[in-house]
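One-letter residues, chain by chain:
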Amino acid sequence: MTTTPPQREVISPVLSPWQDSSYGSPNRPESTEPVEDISDYELHGRKYSVLSSRPLPVDENELIHQKLLDALFKLALDRKNYLCPQDIHKARVLDLNSRLGDWCLAVGDLDDTCEIIGVDIAPIQPMWVAPTVRFEIDDIDDNWTWGNRFHLIFARQLTYTRNLLKLVSQCYNQLEPGGWLEFQQLSVEPHVGSPSRDRDDERLRDPKDEHLGNPEDMLPTLKMAISELNHQLVKAEDIECVLQAQGFQNVKHTTIEIPFGSWPEDERKVRHLSRAYL
């Protein structure tokens, strides 16, 4: 247990496909083709890893989705990798949901003195990486065994977990005093209206988007499906309370608005975000 409760910052952003200028460099795979592995299995036409109880796909469609997701966060955050004030010089950094490893590689490019560990349930990361970056195949819902503590623990878009309280508790115990924990999480609950934008609520839905249905209708089904898997949905709106209950200090929740649909016409960035979110 740290002598001083670690600090942490929470974010709830969203994104748009924005091509990263570093794509195509030796550290980035040119293809999104997944790595074949004997620990994969197929279910309903999707490929999954047997290494984890978190049934996230590891097939090519999921890898393309992850590329778009990373691009969306970059646009939403103005190309910032994280918002907390942690100096990564000689810092130890842990990424809890590395997926393709793009975030780890981007942060590793910022400072060659830091040490970055990316964790995922499947070996879908590039093999050619900077010396400061390494990837481990593990399930973050299991008990952690890292010997060293970290200065920054990062988690982007954790869809669900077996026990969010346990996960946050392990983060707390694994942080250096004064370290930071940052969640970047898309909200699964749509919100109508905004105090920061002078728009009528009717503009939040465009007739061209009627084929999308009502996004609110999917939430009960999503919760039920995840519950059947003995997991809980990670909601951006719940993270702040869990962090405070664990004893984190300086908890900050930053919300970035993402319109759902193609209706925005005035702001170029907002328009790209809304269309990408579809």
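Residues numbered from 1 in each chain as written. Predicted model: local features only at pLDDT ≥ 70, side-chain atom pairs only at ≥ 80, totals over all residues. Heavy atoms only, no water.

Labelled according to an unreviewed UniProt entry, the protein appears under the name Methyltransferase domain-containing protein, originating from Exophiala mesophila.

Enquirer: Could you clarify how one ought to interpret the overall build of the protein in this entry?
Expert: A tally of helices and strands in the protein yields six helices and 11 strands. The buried share of the protein, reckoned over its 278 residues, is 49%. Contacts spanning at least 24 positions in sequence make up 73% of the contacts within the protein whose residues lie at least 6 apart. Carbon and sulfur atoms make up 51% of the accessible area of the protein, which totals about 13900 Å². (Helix = DSSP H or I, 4+ residues; strand = E, 2+ residues; numbered from the N terminus. Buried < 20%, exposed > 50% of the residue type's maximum accessible area, 1.4 Å probe, protein only. Contact = heavy atoms within 4.5 Å. Areas by Shrake-Rupley, 256 points an atom, 1.4 Å probe, with all protein chains shown as cover.)

Enquirer: Sorry, what's going on with the nonpolar core here?
Expert: Here is a general trend for soluble globular proteins: nonpolar side chains tend to be buried in one another's company. Leu 94, Leu 96, Trp 144 and Ile 153 are the most contacted members of the largest nonpolar core, which totals 25 residues. Of all elements in the fold, only strand E5 (115-120), strand E7 (150-156), helix H3 (164-174), strand E9 (175-184) and helix H5 (236-246) reach the threshold of two or more residues within this core. It is H3 that contributes the most residues to this core, five residues altogether. The contacts of Leu 96, once residues within four sequence positions are left out, are Val 119, Ile 140, Trp 144, Ile 153, Phe 154, Ala 155, Leu 167 and Cys 171. (Core = buried A, V, L, I, M, F, W, Y, C linked by side-chain atoms within 4.5 Å.)

Enquirer: Got a minute to help me understand the pairing of E9 in this structure?
Expert: Where a strand is regular, its side chains alternate between the two sheet faces. Where burial is concerned, most of E9 is hidden: seven out of the 10 residues are buried. Two elements, E7 and E9, share six bridges in a ladder whose sense is parallel. Looking at the pairing, Phe 154 lines up with Glu 182 of E9. (Pairing = 2+ DSSP bridges.)

Enquirer: Can you help me understand the pattern of salt bridges in this one?
Expert: Once their charged atoms are close, side chains differing in charge can pair, the charge on each being opposite to the other. Following the criterion strictly, the structure yields 10 salt bridges and no others. Of the charged contacts in the structure, one is a salt bridge between Arg 99 and Asp 120, with a shortest N-O distance of 2.9 Å. Taken together, the residues span a long stretch of sequence, with Arg 99 in the loop between strand E4 (92-95) and helix H2 (102-110) and Asp 120 in strand E5 at a distance of 21 residues. For the pair Arg 99 and Asp 120, one class covers both residues: buried. Here the salt bridges share partners, and the residues they tie into one network are Glu 62, Arg 99 and Asp 120. (Salt bridge = Lys/Arg side-chain N within 4 Å of Asp/Glu carboxyl O.)

Enquirer: Explain the packing of aromatic side chains here, please?
Expert: The geometry of an aromatic ring pair is captured by two quantities: the separation of the ring centres and the angle between the planes. Within the structure shown, the criterion is met by five aromatic pairs. Ring centres of Trp 103 and Phe 154 lie 3.9 Å apart, and the angle between their planes is 5°; this geometry places the pair in the stacked category. Within this pair, whereas Trp 103 is found in helix H2, its partner Phe 154 is found in strand E7, the two being separated by 51 residues in sequence. The structure contains a cluster of three or more aromatic residues connected by ring pairs, namely Trp 144, Trp 146 and Phe 150. (Phe/Tyr/Trp six-rings, centres within 6.5 Å; stacked < 30°, edge-to-face > 60°.)

Enquirer: How should I be thinking about a nonpolar patch on the surface in this particular structure?
Expert: Judged by side-chain polarity, Tyr 41, Leu 43 and Val 50 come together as a nonpolar surface patch covering roughly 260 Å² of accessible area. As for its placement among the helices and strands, Val 50 is situated in the loop between strand E3 (46-49) and helix H1 (60-76). (Patch = residues over 30% accessible without salt bridge, like charges linked within 9 Å, V, L, I, M, F, W, Y side chains within 5 Å.)

Enquirer: Could you clarify how one ought to interpret H1 in this entry?
Expert: Its 17 residues place the ends of H1 25 Å apart at the C-alpha level, agreeing with the 24 Å of an ideal helix rising 1.5 Å per residue. Counting buried residues along H1, 12 of its 17 residues qualify, which places the element largely inside the surrounding structure. Turning to H1, its buried residues number three or more, namely Glu 62, Leu 63, Gln 66, Lys 67, Leu 69, Asp 70, Ala 71, Leu 72, Phe 73, Lys 74, Leu 75 and Ala 76. Looking one or two residues beyond H1, the residue adopting positive phi is Asp 78, at roughly 55°. (Expected span 1.5 Å × (residues − 1).)

Enquirer: It is not clear to me how the environment of Leu 243 should be interpreted in this structure. Could you clarify?
Expert: Within the secondary structure layout, Leu 243 lies in helix H5. The sequence separation of Leu 243 and Tyr 172 amounts to 71 residues, and the corresponding C-alpha distance is 9.0 Å.

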